[in-house]
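Here is what each chain is made of, one letter per residue.
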Amino acid sequence: MKNIIRLVLLMGIVGLNAPVKAQYAVEPVEGFTPQIGIVVDMLEEIKDRIEADVRGLSLAETDFRFDDRANSIGALIMHLAATEAYYQIETLEGNAWSAEDMAFWGAASDLGEASRETFTGKPIAHYLDIWDTVREKTLGGLKSRDDAWLASEIEEGVNNHWVWFHVLEHASAHMGQIALVKQRFPD
């Protein structure tokens, strides 16, 4: 009987501390149109998962590359920020990257030798702060759009909804790559 009472009390305590939003539900974020709100919910969820996975990494872990062709987690986070910045400028501003954008984001966009040389010696918080800044601008831009904009084409056969889905799938793919890098950390 004592075990049943303990279980009921524990369930009550857990229930009181449960978040209002269902843990495994995709729902429109308030302040956005319904379809954009769903996209924002998914973008924020994947970003939160990646951040939770890398926050607190040491500098050595942030810079770790398991072979000469691999990218560090710092470079991968910069790549995610660069990809989002690219599509942000393309879809929300209707522009292409400027020479200044390319100078700042080029190495991160490429994930080639330049990224391996450039993105080293900075703590993980540095890269996450850059991604946060990009995301703030993304959210501000998406907040001023509606679902008709989301469905509209930016070029033949490519609409804004697909572009932001691509940003999401891109983050998901690199989340797996980050997990692989972490598995290769030296013991």
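One structure accompanies this document, and this report is about it. (Residues numbered from 1 in each chain as written. Predicted model: local features only at pLDDT ≥ 70, side-chain atom pairs only at ≥ 80, totals over all residues. Heavy atoms only, no water.)

**What to know about the pattern of salt bridges**
Here comes step 1: Scanning the entire structure with this criterion turns up 9 salt bridges.
Here comes step 2: For Arg135, the salt bridge is made with Glu44, and the minimal N-O distance between the two is 2.6 Å. Within this pair, whereas Arg135 is found in helix 7 (residues 124-143), its partner Glu44 is found in helix 2 (residues 34-54), the two being separated by 91 residues in sequence.
Here comes step 3: Judged by its relative accessible area of 4%, Arg135 falls in the buried class.
Here comes step 4: Between Asp53 and Lys182 there is a salt bridge; the shortest N-O distance is 3.1 Å. Residue Asp53 is located in helix 2, and its partner Lys182 is located in helix 9 (residues 160-183); the two are separated by 129 residues in the primary sequence.
Here comes step 5: One salt-bridge network, held together by shared partners, links Lys47, Glu51, Arg55 and Asp132. (Salt bridge = Lys/Arg side-chain N within 4 Å of Asp/Glu carboxyl O. Helix = DSSP H or I, 4+ residues; strand = E, 2+ residues; numbered from the N terminus. Buried < 20%, exposed > 50% of the residue type's maximum accessible area, 1.4 Å probe, protein only.)

**Let's talk about helix 7**
Here comes step 1: Spanning 20 residues, helix 7 covers 28 Å between terminal C-alpha atoms, matching the ideal 28 Å at 1.5 Å per step.
Here comes step 2: Along helix 7, the residues that are buried comprise Ile124, Tyr127, Leu128, Ile130, Trp131, Val134, Arg135, Thr138, Gly141 and Leu142. Summarising the axial view, the buried residues of helix 7 lie within an arc of 155°, below the 170-degree limit, and thus occupy one face. Away from its buried face, by an angle of more than 90 degrees, helix 7 presents the exposed residues Thr133 and Glu136.
Here comes step 3: Looking at the buried positions of helix 7, the neighbouring elements they touch are helix 2, helix 3 (59-63), helix 4 (73-92), helix 5 (99-110), helix 8 (147-151) and helix 9. (Expected span 1.5 Å × (residues − 1). Arc of directions from axis to C-beta. Contact = heavy atoms within 4.5 Å.)

**Remarks on the environment of Ile73**
Here comes step 1: Of note, Ile73 is situated in helix 4.
Here comes step 2: For Ile73 and Val54, which are 19 residues apart along the polypeptide, the C-alpha to C-alpha distance reads 8.1 Å.
Here comes step 3: Ignoring any residue separated from it by four or fewer positions in sequence, one finds Ile73 in contact with Val54, Leu57, Glu61, Thr62, Phe64, Ile124, Ile178, Val181, Lys182 and Phe185.

**Looking at helix 4**
Here comes step 1: For helix 4, with 20 residues, the first-to-last C-alpha span of 28 Å sits near the 28 Å given by 1.5 Å per residue.
Here comes step 2: Within helix 4, 18 of the 20 residues are buried, leaving the element largely enclosed by the surrounding structure.
Here comes step 3: Just past helix 4, the residue Gly94 takes up positive phi, approximately 70°.

**Description of the packing of helix 2 against helix 9**
Here comes step 1: In contact at an axis separation of 10 Å, helix 2 and helix 9 are set at 15° when each is read in the N-to-C sense. With respect to each other, helix 2 and helix 9 are oriented roughly parallel. The handedness of the crossing between helix 2 and helix 9 is left-handed. Contact residues: helix 2 offers Gln35, Val39, Met42, Leu43, Ile46, Arg49, Ile50, Asp53 and Val54, while helix 9 offers His161, Trp164, Val167, Leu168, Ala171, Ser172, Met175, Ile178 and Lys182.
Here comes step 2: Of the residues that constitute the contact of helix 2 with helix 9, the class distribution is 12 nonpolar, 3 polar and 3 charged. (Axes fitted to C-alpha atoms, helices over the stretch in contact; angles between N-to-C directions. Parallel < 35°, antiparallel > 145°, perpendicular 65-115°, else oblique. Left-handed = near helix turned anticlockwise from the far one by under 90°. Nonpolar A, V, L, I, M, F, W, Y, C, P; charged D, E, K, R; others polar.)

**Looking at unusual backbone geometry**
Here comes step 1: With phi around 55°, Leu111 is a residue other than glycine that occupies positive phi space.
Here comes step 2: Within the secondary structure, Leu111 sits in the loop between helix 5 and helix 6 (113-118).
Here comes step 3: Judged by its relative accessible area of 13%, Leu111 falls in the buried class.

**Looking at the nonpolar core**
Here comes step 1: Membership of the largest hydrophobic core comes to 46 residues, with the highest contact counts inside it found for Ile50, Val54, Ile73, Ile77, Trp105, Leu142 and Trp164.
Here comes step 2: For this core, the elements supplying multiple residues, two or more each, are helix 2, helix 4, helix 5, helix 7, helix 8 and helix 9.
Here comes step 3: If one sorts the elements of this core by residue count, helix 4 sits on top with 12 residues. (Core = buried A, V, L, I, M, F, W, Y, C linked by side-chain atoms within 4.5 Å.)

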